[in-house]
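Per-entry structural report
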Amino acid sequence: MGFNKYNACILLTEIRADIEGLAAANLTDDEINISQKILKQANNGGTKEETYKRGYPSREQIIDFASRYKIFTEEVAYEILEDFCMVMKIRDSNFFIRGVIDTFKSVQQTKSI
């Protein structure tokens, strides 16, 4: 598995945990926003490219995705992976995204995607 594919799979695992964990905690959008901004300051932030290279979503993405979605679906995975491909300059994004989602599904064996 290539470096970008590996990081993209970690990214999906992390954003899924953020979305579903914050939904389970019953946080309001304002509480999500405040908590993630505090964590961003504590972690010294980072650009999207920097966080993607470590396999993590940015705090802004956590705020955005956790506010818009309460469960992680394949559509959510596509949305974040499309951005990953743009930021990381992945050439054949459709092939890449399909491969990442297939790998993610086989590794996670989740019912929500």
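Residues numbered from 1 in each chain as written. Predicted model: local features only at pLDDT ≥ 70, side-chain atom pairs only at ≥ 80, totals over all residues. Heavy atoms only, no water.

A few points about the confidence of the model for the protein chain
Detailed reading of the predicted model is not advised wherever pLDDT is low. In the predicted model, the protein chain carries a mean pLDDT of 88, and 91% of its residues have values of at least 70. Mean pLDDT across the elements of the protein chain ranges from a minimum in helix α2 (residues 29-42), with 82, to a maximum in helix α5 (residues 74-87), with 96. (pLDDT = per-residue confidence, 0-100. Helix = DSSP H or I, 4+ residues; strand = E, 2+ residues; numbered from the N terminus.)

Details of the pattern of salt bridges
In this structure the tally under the stated criterion is eight salt bridges. Here Glu20 ties to Arg16 by a salt bridge, and the two come within 3.9 Å at their closest N and O atoms. On the criterion of helical spacing, the pair formed by Glu20 and Arg16 is a turn pair, its members being four residues apart in helix α1 (residues 3-24). Classification of Glu20 as partly exposed rests on a relative accessible area of 26%. With a closest N to O distance of 3.1 Å, Glu74 and Lys105 form a salt bridge. Linking Glu74 in helix α5 with Lys105 in helix α6 (residues 93-108), this pair joins segments that are 31 residues apart in sequence. Classification of Lys105 as partly exposed rests on a relative accessible area of 30%. Within the structure, one salt-bridge network assembled from shared partners comprises Glu74, Arg98, Asp102 and Lys105. (Salt bridge = Lys/Arg side-chain N within 4 Å of Asp/Glu carboxyl O. Buried < 20%, exposed > 50% of the residue type's maximum accessible area, 1.4 Å probe, protein only.)

Focus on α1
When the terminal C-alpha atoms of α1 are compared, their 31 Å separation across 22 residues agrees well with the 32 Å that a helix rising 1.5 Å per residue should span. All of the buried residues along α1 are Asn7, Ala8, Cys9, Leu11, Leu12, Ile15, Asp18, Ile19 and Leu22. The positive-phi residue at the C-terminal boundary of α1 is Asn26, with phi of around 60 degrees. (Expected span 1.5 Å × (residues − 1).)

Overview of the packing of α5 against α6
Following both chains from N to C, one finds α5 and α6 inclined at 135 degrees, their axes separated by 10 Å at the closest point. The angle between α5 and α6 places the two elements in the oblique class. When you trace α5 past α6, the crossing you get is right-handed. For the pair α5 and α6, contact is made by Glu74, Ala77, Tyr78, Leu81, Glu82, Phe84 and Cys85 and by Ser93, Phe96, Ile97, Arg98, Val100, Ile101 and Lys105, respectively. Of the residues that constitute the contact of α5 with α6, the class distribution is nine nonpolar, one polar and four charged. (Axes fitted to C-alpha atoms, helices over the stretch in contact; angles between N-to-C directions. Parallel < 35°, antiparallel > 145°, perpendicular 65-115°, else oblique. Left-handed = near helix turned anticlockwise from the far one by under 90°. Contact = heavy atoms within 4.5 Å. Nonpolar A, V, L, I, M, F, W, Y, C, P; charged D, E, K, R; others polar.)

Brief notes about the environment of Lys105
Separated by 86 residues in sequence, Lys105 and Ile19 place their C-alpha atoms 17 Å apart. A distance of 3.1 Å separates polar atoms of two side chains, one belonging to Lys105 and the other to Glu74. (Polar contact = N/O pair within 3.5 Å; in protein donor to acceptor, adjacent residues only side chain to side chain.)

A look at the packing of α1 against helix α4 (residues 59-68)
Two numbers describe how α1 lies on α4: the axes approach to 9 Å, and their chain directions differ by 50 degrees. In this view, α1 runs oblique relative to α4, as classed from their interaxial angle. In the crossing of α1 with α4, the sense of the turn from one axis to the other is right-handed. On α4, the residues that touch Ile15, Asp18, Ile19 and Leu22 of α1 are Gln61, Ile62, Phe65 and Ala66. Tallied by class, residues from the contact of α1 with α4 come to six nonpolar, one polar and one charged.

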